[in-house]
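An overview of the molecular structure
So you can see what is in the structure, the chains are spelled out below.
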Amino acid sequence: MVKLLRTDSEHEDYIHLTHLLNDDLADRYNVEPSLFLKINAKKLSWVVVIYAGDIAIGCGAIRSFDDHSVEIKRVYVHPDHRGSGAAFKLLTELEAWAKELGYSRTVLETGTGQPEAIKFYKKYGYTAIPNYGEGGDLSRCFEKMLVSEVQQCSADQS
């Protein structure tokens, strides 16, 4: 049984999973895990943790990026659960939460050392945009509109 929990970045399961994420990223980019602690030190109010039974297997978060957009942050699925659909469930929940909060677009930054993440986001409708983050040449940034232009026009006319 898969369960999604909406919480914040102070939740113990989220903290544990992001430490695993930091270790994974450090291995991929040959840097110290503490680098990712510094980059991602801000408290996040909108965090999702996914569980298989009682075991936390993945996480992700959103934070305000601008008046119309949220940034997807800290998406991670434990290696034992990759390919299970957990990442898609996380992404879908984060996008739904963003819409509930009134946002119409998501943006995200991933890296060249994460080709599976780039493929995943493209598969689910994300398109490349100019880099905006701290990763420089190692970064790849993407966006996705959450509300179609027709829906947005109708809402604007209401």
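Turning our attention to the overall build of the protein. Along the protein, the regular secondary structure elements total 5 helices and 7 strands. Classification of the 158 residues of the protein by burial places 38% in the buried group. Counting contacts in the protein only where the partners sit at least 6 residues apart, residues at least 24 apart contribute 66% of the total.

With the rule as written, the count across this model stands at 6 aromatic pairs. With centroids separated by 5.2 Å and ring planes inclined at 70°, the aromatic side chains of Phe120 and Tyr121 adopt a geometry described as edge-to-face. Residue Phe120 is classed as buried on the basis of its relative accessible area of 18%. Among the residues examined, Tyr121 registers a relative accessible area of 7% and is labelled buried. Looking at Lys3, its charged tip hangs above the ring of Tyr51, at a distance of 4.8 Å from the centre.

The next thing to look at is the sheet that holds strand 3 (residues 55–64). By definition, the strands of a sheet pair up through backbone hydrogen bonds, in either a parallel or an antiparallel sense. Reading across the sheet, the 7 strands line up as 1-2-3-4-5-7-6 and stay open at both edges, with mixed pairing between neighbours. Strand pairing shows two members of the sheet lacking a second neighbour, strand 1 (2–7) and strand 6 (127–129), which therefore form its edges. Averaged over all neighbouring strand pairs, the angle between strand axes comes to 30°, with direction disregarded. As paired strands, strand 3 and strand 4 (residues 69–77) are joined by 6 bridges and run antiparallel to one another. Bridging across to strand 4, Ser64 finds its partner in Val70. Taken strand by strand, helix 4 (residues 115–123) contacts strand 4, strand 5 (105–111) and strand 7 (139–145), and its axis lies near 160° from that of strand 5.

What follows concerns the pattern of salt bridges. Working definition: two side chains of opposite charge can pair if their charged atoms are close together. Evaluation of the coordinates by the stated rule reveals 9 salt bridges. The partner of Asp66 in a salt bridge is Arg105, with the nearest N and O atoms 3.5 Å apart. A residue pair is termed long-range when its members are at least 10 positions apart, and Asp66 in the loop between strand 3 and strand 4 and Arg105 in strand 5 qualify at 39 residues. Arg105 gets classed as buried once you look at its relative accessible area, which sits at 16%. By sharing partners, the salt bridges in this structure join Arg6, Glu93 and Glu100 into a single network.

As a further point, take the side chain of Glu93. Inspection of the secondary structure puts Glu93 in helix 3 (residues 86–100). You can call Glu93 buried: its relative accessible area is 18%. Excluding anything up to four places from it in sequence, Glu93 contacts Leu4, Arg6 and Val48.

The rules behind each value
- Once a new chain begins, its residue numbering starts again from 1 and follows that chain's sequence as written.
- The predicted nature of this model means local features are confined to residues of pLDDT at least 70 and side-chain atom pairs, given and counted, to a pLDDT of 80 or more, with totals for whole chains, interfaces and linings taken over all residues.
- The side-chain figures draw on all heavy atoms in the structure; neither hydrogens nor water molecules are used.
- A run of DSSP states H or I qualifies as a helix once it reaches four residues; a run of E qualifies as a strand once it reaches two. Both are numbered from the N-terminal end.
- Any residue under 20% of the maximum accessible area for its type is buried, any over 50% is exposed, and the rest in between are partly exposed; the area is computed with a 1.4 Å probe on protein chains only.
- In this analysis, two residues are considered to be in contact whenever any of their non-hydrogen atoms come within 4.5 Å of each other.
- The rule is short: rings of Phe, Tyr and Trp, with Trp giving its six-membered ring, pair when the centres are within 6.5 Å, and they are stacked under 30 degrees, edge-to-face over 60, tilted in between.
- Only lysine NZ and arginine CZ atoms are considered, and such an atom sits over a ring when it is within 6 Å of the ring centre and within 35 degrees of the ring normal.
- For two strands to be treated as a pair, DSSP must find at least two bridges joining them.
- The axes used here are C-alpha line fits, helices contributing only the stretch in contact, and every angle between their N-to-C directions lies in the interval 0 to 180 degrees.
- Note on definitions: salt bridges are taken to be side-chain nitrogens of Lys or Arg within 4 Å of carboxyl oxygens of Asp or Glu.

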